[in-house]
Structure formats: structure tokens, C-alpha cells
Amino acid sequence: FLNKATIYKHGKTELKRNDIKSRFYTHCFNVYHDSELFGYIMFGPRSEIIPQDSIQFKIDNQQFYKRQRLEQRIKTVLSDLGLLFHNFTRQDIYIDFHHFNDALSFNDFISLYQQKKIESKGKVKNWNVYSTRVKSEMQITGFSYGSRTSDKFLRCYNKTIELENVHKPYIKKFWELNGLNTNENVYRFELQLNSKFFHKTTFAGKLNLHKKSSSI
């Protein structure tokens, strides 16, 4: 019945249809829990390759920066909606910092790596460096290893500069609470685990989230 509905509510969870266009799904709803935006669900696969009863649930970014039991809230929302967890399709693990070990700066790290004074373990494929214009000057703002379409993708970038173009004040508040200086550049080291990675993992229908500290 959600194919035509605009609002659905059960328990403390409410769905409201939105206009987000998805390449893979026909319908998209905002998910609210305790009257707060908690995430998004998409269903109605456009492709016959995807099981037609599949539903994708994406948690709103802001929820990961709150001091609360996220795992329990997810379970409550799934229960209210009558949904069962099947598997992850993507998970990002990150750490935010000002500099590398021994006070090594971000720019010095890249310079040493390009001079091959820092060794990489294993085979490094698709090493890329990114730059952007900052105050009329081109600056290196990040680098990455691997392919976005592989099972794992690693990147490191200037999160402070990124936030200048994105309205996410809760991230800076989170930094302050965890002892980071918001007057200095904060960098993010991020490991992206994609669906190919989780295909190798058996979940047995259980949801286990272990949230690690996201700052040093």
C-alpha cells in the first residue's frame, strides 16, 4: 500500500514520501523516529536483477554523531516498520585528526609518499591526489587508494575545507566535544566498505553495530 501512500506511522516511527530520485528504486520515504529525521528507505527495484521485495535503508548522517545507542534505535525502527535486517551494502569507517604520527603534516605526508620515502604494504593500485582552489591558490586537499567500485576504497581528505560547502554544523560540534581544534584543519582518514566486501560476510540475520571512536 506504500506505493500510493504519502504518510505512514507506527509506534514512534513515521514515514513521509519525498522526491529523491534513485537510480535503483522507484519509491523513497524519509524515516522519522521520535519526530526526528532518522534516515531514508527506498523500495520498488527498477531492475529485475534486484529481488523485488528488497528495501534499502540509509541512516541519516547526523545520527552517527550523537551520543546515543544507535544500534538499539535502528532495531526499534525496523521493528516498527516490520522489516528484517539482511545485509549491509556500504559502511564507512573513519578517524578525524590534525596530523599524522610524529606531528607529520598532511602535505608533508603526501610529499614524502610521492618521493617514495614512505613505503606501502602490498600492492597499491589507483593512487590519486586531489586538489581544489582555496583563496585563489590550488591546494592538495586529499588522496585515495583503490577504486570506488571495488570491495574496499580508502581516502584521506581535508574535512574542514569540505564543510565550507556543506551545511553540517553537528560535525564541528562533535569535534569540539572530542578535543579537536576547529580553528585548525581537520583531516579525515576513511575506509569505505562496499557491497562486494559484505558478500563475503555471513550475518545470519543479526544486526551488530560496533561504533568506534571517530576522532583522535
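Everything quoted here is computed from the prediction, not taken from an experiment.

**Quick word on the confidence of the model for the protein chain**
As a note on interpretation, predicted positions should not be read in detail where pLDDT is low. For the protein chain, per-residue confidence averages 85 on the pLDDT scale, and 89% of positions sit at 70 or higher. Counting contacts from residues 208-216, a segment whose pLDDT is below 50, to residues more than four positions away or on other chains yields 21 contacts.

**Brief notes about the nonpolar core**
Residues Leu15 and Ile74 are the most contacted members of the largest nonpolar core, which totals 16 residues. Elements that contribute at least two residues to this core include exactly strand 3 (25-33), strand 4 (36-45) and helix 1 (70-81). Judged by nonpolar contacts, the second largest core, of 10 residues, contains Phe100, Phe109, Phe143 and Tyr145.

**Some thoughts on the environment of Lys123**
Tracing the sequence through the fold places Lys123 in the loop between helix 2 (106-114) and strand 7 (128-134). The exposure class of Lys123 is exposed, given its relative accessible area of 79%. Taking the C-alpha atoms as reference, Lys123 lies 9.9 Å from Gly146; in sequence the two are 23 residues apart.

**Comments concerning helix 2**
Residues of helix 2 that are buried include every one of Phe106, Phe109, Ile110 and Tyr113, and no others. Seen along its axis, helix 2 keeps its buried residues to an arc of 95°; they face one direction. In the core, the buried residues of helix 2 are packed alongside strand 8 (137-145), strand 9 (152-158) and strand 10 (187-194). Of the residues flanking the end of helix 2, it is Lys116, one or two places downstream, whose phi is positive at about 60°.

**Quick notes on the sheet that holds strand 1 (residues 7-10)**
The strand order across the open sheet built from 5 strands is 1-2-3-4-5, with neighbouring strands paired in antiparallel fashion. Of all strands in the sheet, those bounded by a partner on one side alone are strand 1 and strand 5 (55-59). Taken pair by pair, the neighbouring strands of this sheet meet at an average axis angle of 20°, ignoring direction.

**Description of the sheet that holds strand 8**
Sheet strands pair by backbone hydrogen bonding; their relative direction is either parallel or antiparallel. A sheet is described by the order of its strands in space; here 5 strands give the open sequence 6-10-9-8-7, paired in antiparallel fashion. Each having just a single partner strand, strand 6 (90-97) and strand 7 make up the two edges of the open sheet. Here the average twist between neighbouring strands, direction ignored, is 20°. The sheet contact formed by strand 8 and strand 9 spans 4 bridges and is antiparallel.

**Focus: the side chain of Asp151**
Mapped onto the elements, Asp151 comes out in the loop between strand 8 and strand 9. Among the polar contacts made by the side chain of Asp151, one reaches the side chain of Lys152 at a distance of 3.1 Å.

**Regarding the environment of Phe24**
If you trace the backbone, Phe24 turns up in the loop between strand 2 (13-17) and strand 3. Sequence separation between Phe24 and Arg46 is 22 residues, and the spatial gap between their C-alpha atoms is 5.4 Å. Leave out the neighbours within four places in its chain, and Phe24 touches Gly44, Pro45, Arg46 and Ile50.

**Some remarks on the layout of surface pockets**
Taken as a whole, the second largest pocket spans an internal volume of roughly 330 Å³. In terms of lining, the second largest pocket is formed by 13 residues, of which the most central are Ser22, Phe24, Tyr25, Met42 and Gln56. Of all elements in the fold, only strand 4 and strand 5 reach the threshold of two or more residues within the lining of the second largest pocket. Looking at side-chain class alone, the lining of the second largest pocket contains 7 nonpolar, 3 polar and 3 charged residues.

**As for helix 4 (residues 169-177)**
Looking only at helix 4, the buried set comprises Tyr170, Ile171, Phe174 and Trp175. Buried residues of helix 4, viewed axially, fall in a sector of 145°; they line one side. With respect to the buried face of helix 4, the exposed residues turned more than 90 degrees away are Lys173, Glu176 and Leu177. Contacts made by the buried residues of helix 4 are with strand 6, helix 3 (159-163) and strand 10. Looking at the residues trailing helix 4, positive phi occurs at Gly179, about 85°.

Each value, and the rule that gives it
The written sequence of each chain sets the order in which its residues are numbered from 1. Owing to the predicted nature of the model, reporting of local features is limited to residues with pLDDT of at least 70; listing and counting of side-chain atom pairs is limited to 80 or more, with chain, interface and lining totals taken over all residues. Side-chain descriptors were evaluated using all non-hydrogen atoms of the structure, hydrogens and water having been removed beforehand. Per-residue confidence from the predictor is reported as pLDDT, a score between 0 and 100. Throughout, a contact is declared for two residues whenever any of their heavy atoms are within 4.5 Å. Definition used in this section: a nonpolar core is a set of buried Ala, Val, Leu, Ile, Met, Phe, Trp, Tyr and Cys residues joined via side-chain atoms within 4.5 Å. Each residue is assigned to one of three classes by its accessible area relative to the maximum for its type, calculated with a 1.4 Å probe on protein chains only: buried under 20%, partly exposed between the two thresholds, exposed over 50%. Each helix is a run of DSSP H or I of at least 4 residues and each strand a run of E of at least 2, with the numbering of both proceeding from the N terminus. Directions drawn from the helix axis to the C-beta atoms are what define this arc. By definition, two strands form a pair when at least two bridges between them are found by DSSP. The angle between two axes is taken between their N-to-C directions and runs from 0 to 180 degrees, where each axis is a line fitted to C-alpha atoms and a helix contributes only its stretch in contact. Polar contact is defined as a pair of N or O atoms within 3.5 Å, subject to the rule that within protein one atom must be able to donate a hydrogen and the other to accept it, and that residues adjacent in sequence are counted only when both atoms are side-chain atoms. Grid spacing is 1 Å over the protein atoms alone, the probe is 1.4 Å, and a cavity is where that probe fits but cannot get out, while a pocket is an open set with protein on both sides within 12 Å along at least five of seven lines and lining residues have an atom within 4 Å of a point. Grid points are joined across faces, edges and corners, and a volume is the space filled by probe spheres set on the points. Put simply, Ala, Val, Leu, Ile, Met, Phe, Trp, Tyr, Cys and Pro go in the nonpolar bin, Asp, Glu, Lys and Arg in the charged bin, and everything else, Gly too, in the polar bin.

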